[in-house]
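In case you want the letters, here they are:
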Amino acid sequence: MPSILVIEDDDAIQSLVEDALNEGGFETAVASTGEEAVTLLKGGLVTYGGLVTDINLLGRFNGWEVARAAREVDPSFPVVYMSGVAADEWLVLGVPNSLMLHKPFAPVQLVTAVSDLLNGCLSPKAPDEPFG
């Protein structure tokens, strides 16, 4: 399975997301800030299979900007956004062919979203086609 880059600055949520993806059969790499994530994505030392990012992150890059940086590396890079408060901005700021999970969500919802994007089991939703 491909390694999924998880960007979340809340330790408890980061742990929950990482555990859910690991139990779902995915390897994970974790970044706590948008800057760290962009450095990992553009560094090219590891090829990531997808991105799971919170929207509101510590530092100068938010989740929207991290996803755009991932799409500079690979225009079809799978992106799953997570947010409790910024989900309504997805329609305007999200990258095409991405998914949005509204916090709180069940771990199985995350694993399903990542699996579906990676395996092409469903047509990923564009920001102008809300997922839910």
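Refer to the structure presented above.
Residues numbered from 1 in each chain as written. Predicted model: local features only at pLDDT ≥ 70, side-chain atom pairs only at ≥ 80, totals over all residues. Heavy atoms only, no water.

(A) Representation of the overall build of the protein in the model. What the protein contains, in helices and strands, is five helices and five strands. Traced from its N-terminal end to its C-terminal end, the protein shows the element sequence β-α-β-α-β-α-β-α-β-α. Its C-alpha atoms give the protein a radius of gyration of 13 Å, near enough to 14 Å, the size a compact globule of 132 residues would have. The dimensions of the protein, computed from C-alpha atoms along their principal axes, are 30 × 30 × 30 Å. Here the contacts in the protein between residues at least 6 apart in sequence split such that 66% fall between residues at least 24 apart. For the protein, the accessible surface area stands at approximately 6400 Å², while carbon and sulfur atoms represent 54% of it. Of the side chains in the protein, 6 bear a positive and 19 a negative charge, and the two mean positions are spaced by 8 Å. (Helix = DSSP H or I, 4+ residues; strand = E, 2+ residues; numbered from the N terminus. Rg over C-alpha atoms; globule rule 2.2 N^0.38 Å. Contact = heavy atoms within 4.5 Å. Areas by Shrake-Rupley, 256 points an atom, 1.4 Å probe, with all protein chains shown as cover. Lys, Arg positive; Asp, Glu negative; His and termini not counted. Charge placed at Lys NZ, Arg CZ, Asp CG, Glu CD.)

(B) Geometry of the packing of aromatic side chains. Counting across every chain of the model gives one aromatic pair. Centroid distance Trp 64 to Tyr 81: 4.7 Å. Interplanar angle 55°. Geometry classified as tilted. Of this pair, Trp 64 sits in helix α3 (residues 63–73) while Tyr 81 sits in strand β4 (residues 79–83), and the two are 17 residues apart along the sequence. Each member of the pair Trp 64 and Tyr 81 is classed as buried. (Phe/Tyr/Trp six-rings, centres within 6.5 Å; stacked < 30°, edge-to-face > 60°. Buried < 20%, exposed > 50% of the residue type's maximum accessible area, 1.4 Å probe, protein only.)

(C) A look at a nonpolar patch on the surface. A grouping of Leu 91, Val 92 and Leu 93 is seen on the molecular surface, where their side chains present a nonpolar patch of about 280 Å² in accessible area. Of note, Val 92 is situated in helix α4 (residues 90–93). (Patch = residues over 30% accessible without salt bridge, like charges linked within 9 Å, V, L, I, M, F, W, Y side chains within 5 Å. Salt bridge = Lys/Arg side-chain N within 4 Å of Asp/Glu carboxyl O.)

(D) Looking closely at the packing of helix α1 (residues 11–23) against helix α5 (residues 107–119). Their axes nearest at 9 Å, the elements α1 and α5 cross at an angle of 60°. If you check the angle between α1 and α5, you find them oblique. As for the relative orientation of α1 and α5, their crossing is right-handed in sense. Of α5, the residues touching α1 (which contributes Leu 16, Val 17, Ala 20 and Leu 21) are Pro 107, Leu 110, Val 111 and Val 114. Classifying every residue of the contact of α1 with α5 gives eight nonpolar, no polar and no charged. (Axes fitted to C-alpha atoms, helices over the stretch in contact; angles between N-to-C directions. Parallel < 35°, antiparallel > 145°, perpendicular 65-115°, else oblique. Left-handed = near helix turned anticlockwise from the far one by under 90°. Nonpolar A, V, L, I, M, F, W, Y, C, P; charged D, E, K, R; others polar.)

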